[in-house]
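Structural features, examined
In case you want the letters, here they are:
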Amino acid sequence: MSRLTVVGAGYVGLVTVACMAELGHHIVAMDVDADKVELLRKGGVPIHEPGLTDLIAKHRERIEFTTDHAHAYRSGEFIFLCVDTPPTASGDADLSRIWQAIDNLPPDEVEHVIVTKSTVPVGTGALVKAELDQRGYRHITYASNPEFLREGTAIADFMHADRVVVGADDPAVAASVAALYQGIDSPVLTTDVASAEMIKYASNAFLATKISFINEIANVCEATGADVTVVAKGMGMDRRIGPHFLQAGIGYGGSCFPKDVSALKQLAGNSGYHFQLLNAVIEVNELQKRRVIGKLKRHLGEELRGKRISLLGLAFKPNTDDIRQASSIILASRLLAEGAHVVGFDPVATPNMRALLPAVTYAASAMEALEEADACVLVTEWSEFLELDWASVKKTMAQPIVIDGRNALDGPALAQLGFIYEGIGTRSVG
Ligand code: UDX
C-alpha cells in the first residue's frame, strides 16, 4: 500500500481521498481552507455527494486532514493535484493553484510522483516538468491521471471506472501510478502526458456535443411533429452511437462541461486552430436554456409580468447541491427580468441558489412552490418531483401548465389529470 498526498479537498480531491483509502492507501489530504479542514477532521464533509461521508468515516484512521503543506508534501510518495482550474475571463483554464502547489514543493531530495487529476490544458504537464527540471528537482517525476467523475455517482464512477488513464513519459512512472488502482476492475490506458490531458477534454467536449446535438434534434422535432425521446431511443440502439447522453432538455450545466468545452475551444484557438464545432455546441446550449421562456409565453401570453412561475429543481442535475452553470440560473434570471414572480424549490441546492439570486422566492417544499403557480417548470429531474401527487398539484396551482425541461414526467398521465403538458422536443398534450 502506498502513501498518498492529496492537494485540494474539493470535489475531486475528497472523492480521491475516500476511494484511494478504500483501495487500502494511506492519505494525507491538504487544503488551504482551515475551516474546511477543521470540518473534515470532525467527520463533516463540505459537499453533498452520496456515500462520501460514510466512506471517509470508514477509513478515517488512514486519512489525515491538514493545512500544513510542507508536512503534507513530505508524507506522500504520490502527490495528487486535485485543485480546481476555474475558467478565466478569456475562457482559458486558471492554473494558478497548480503553480502554487509546485511552488510549495519542499526542496528536499525525497522522491515523489506528482499526479495531476485536475483538468489542465494540453501542454501543462510539459510545462510543469520543465519547471521541475529548471529547479533541479530530478527526484520528482510526473504523471497525468484525469478523472471522469460525475457528481452524484462519483464514488461508483471511481471504483468502477470505464477506464483509468495514466499519462507519463516514463513507463515505470506510469506503471507505479496504475498500480495504485489495483483492486478496481477497470482497464488502464497508459499514454504520453499530452494525450492523457487531451483525453479528458475530448471526452467532455464530445459528451457536451452529443447533448447539444440531441437538443437541436429536439428543436427540429418540435417543428416537425416527431418525438425526440423516441428518436433518441432509435438512435441509441445503434451501437456506434450508444444510448447515453442523448437526453434532450434545457441544456447542460455543472462545473465541468461548460468550463472544459470553453477551455478546449480556447486551447485550440491559442494554438491557431478555430474549433468551429465547439462554438456551435456552446451557442446551442446557451439558447437551449432560454427556450422555456418561449414555451411559457405560448401558454401564458407575451406578458409574463406578475405571473407566478414555479421552478422545480435548481441544481444543475439531480443528487447534487451544485448550481454552477445550472440552467436554473439563466431561466430564473430571464423570468425575473420579464417581471415574473419566480418561486424555486430544490431538495438540497436552495441555500446555494438563495445566495446567488435573492430575488427568487424560495419554498420549503415542492408543494409550497406550486401553490397558486401559473405554470411550473421541471428544471432538475429529482425523483421526488417525479413522484409528486400530481392530482393534488393540479388543485394547488392557479393554472395547470407544466413545462418539463427534462422530459422526465409522464406527459400523457398529466394530460389525463387535466394538465397542459409540454416537454422538450416532444408533442405537447392536454
Ligand atoms: C461530467 C462528466 O460526465 C464527467 O465524466 C466529468 O469528469 C465531469 O463532468 P457532471 O458534470 O457531474 O460530470 O455531470 P453529467 O452527469 O455528465 O451531466 C452534465 C450535464 O449534462 C447536466 O447538466 C445534465 O443535466 C446534462 N445532461 C446529461 C443532459 O442534458 N443530457 C444528457 O443526456 C446527459
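About the cut-offs
Residues numbered from 1 in each chain as written. Predicted model: local features only at pLDDT ≥ 70, side-chain atom pairs only at ≥ 80, totals over all residues. Heavy atoms only, no water. Helix = DSSP H or I, 4+ residues; strand = E, 2+ residues; numbered from the N terminus. Contact = heavy atoms within 4.5 Å. Areas by Shrake-Rupley, 256 points an atom, 1.4 Å probe, with all protein chains shown as cover. Core = buried A, V, L, I, M, F, W, Y, C linked by side-chain atoms within 4.5 Å. Buried < 20%, exposed > 50% of the residue type's maximum accessible area, 1.4 Å probe, protein only. Salt bridge = Lys/Arg side-chain N within 4 Å of Asp/Glu carboxyl O. Arc of directions from axis to C-beta. Near = heavy atom within 4 Å. Polar contact = N/O pair within 3.5 Å; in protein donor to acceptor, adjacent residues only side chain to side chain. Nonpolar A, V, L, I, M, F, W, Y, C, P; charged D, E, K, R; others polar.

1. Digging into the overall build of the chain
Along its length, the chain carries 18 helices and 14 strands. Based on the C-alpha atoms only, the size of the chain along its principal axes is roughly 70 × 45 × 40 Å. Look at the contacts in the chain between residues 6 or more apart in sequence, and 72% of them connect residues 24 or more apart. Split by element, the accessible area of the chain, about 18600 Å² in all, is 54% carbon and sulfur.

2. A few points about the nonpolar core
If you look at the biggest cluster of nonpolar residues, it comprises 59 residues, and the most contacted ones within it are Leu296, Leu311, Leu335 and Trp390. Beyond its immediate chain neighbours, meaning those up to four positions away, Leu296 contacts Gly301, Leu304, Ile309, Leu335, Ala375, Val377 and Ile403. Counting residues in hydrophobic clusters, the runner-up holds 45 residues, among them Ala9, Phe78, Val113 and Ala143.

3. Some thoughts on the pattern of salt bridges
Counted according to the given criterion, the structure contains 24 salt bridges. Between Glu77 and Arg3 there is a salt bridge whose closest N-O contact spans 3.8 Å. Taken as a pair, Glu77 in the loop between helix H4 (69–75) and strand S4 (78–81) and Arg3 in strand S1 (residues 3–7) lie far apart in primary sequence, 74 residues in all. For Arg3, a relative accessible area of 44% translates into the label partly exposed. Where Arg150 meets Asp157, a salt bridge forms, and the shortest distance between an N and an O atom there is 2.7 Å. Overall, the relative accessible area of 12% leaves Asp157 in the buried class. Within the structure, one salt-bridge network assembled from shared partners comprises Glu222, Arg291, Lys295, Arg298 and Glu422.

4. Concerning the side chain of Lys297
Looking at the element boundaries, Lys297 is found in helix H12 (residues 276–300). In this structure Lys297 comes out as buried when scored by relative accessible area, which is 17%.

5. Quick notes on helix H6 (residues 124–134)
Buried within H6 are the following residues: Thr124, Gly125, Val128 and Leu132. Down the axis, H6 shows its buried residues gathered within 100° of arc, on one side only. Pointing more than 90 degrees away from the buried face of H6 are the exposed residues Leu127 and Gln134. Its buried side turned inward, H6 meets helix H5 (96–104), strand S5 (112–116), strand S6 (140–144) and helix H9 (193–224). A positive phi of about 80° marks Gly136, the residue just after H6.

6. Description of the site of the ligand
Inspection of the region around the ligand gives 18 residues, with Glu151, Gln247, Gly253, Cys256 and Lys317 positioned closest. Within the backbone of Phe316, an N or O atom sits 3.0 Å from an oxygen atom of the ligand. Relative to its unbound accessible surface of 670 Å², the ligand loses 92% to contact with the protein. Element by element, the count of residues in the shell around the ligand is highest for H9, at three residues. A per-class count over the shell around the ligand returns nine nonpolar, three polar and six charged.

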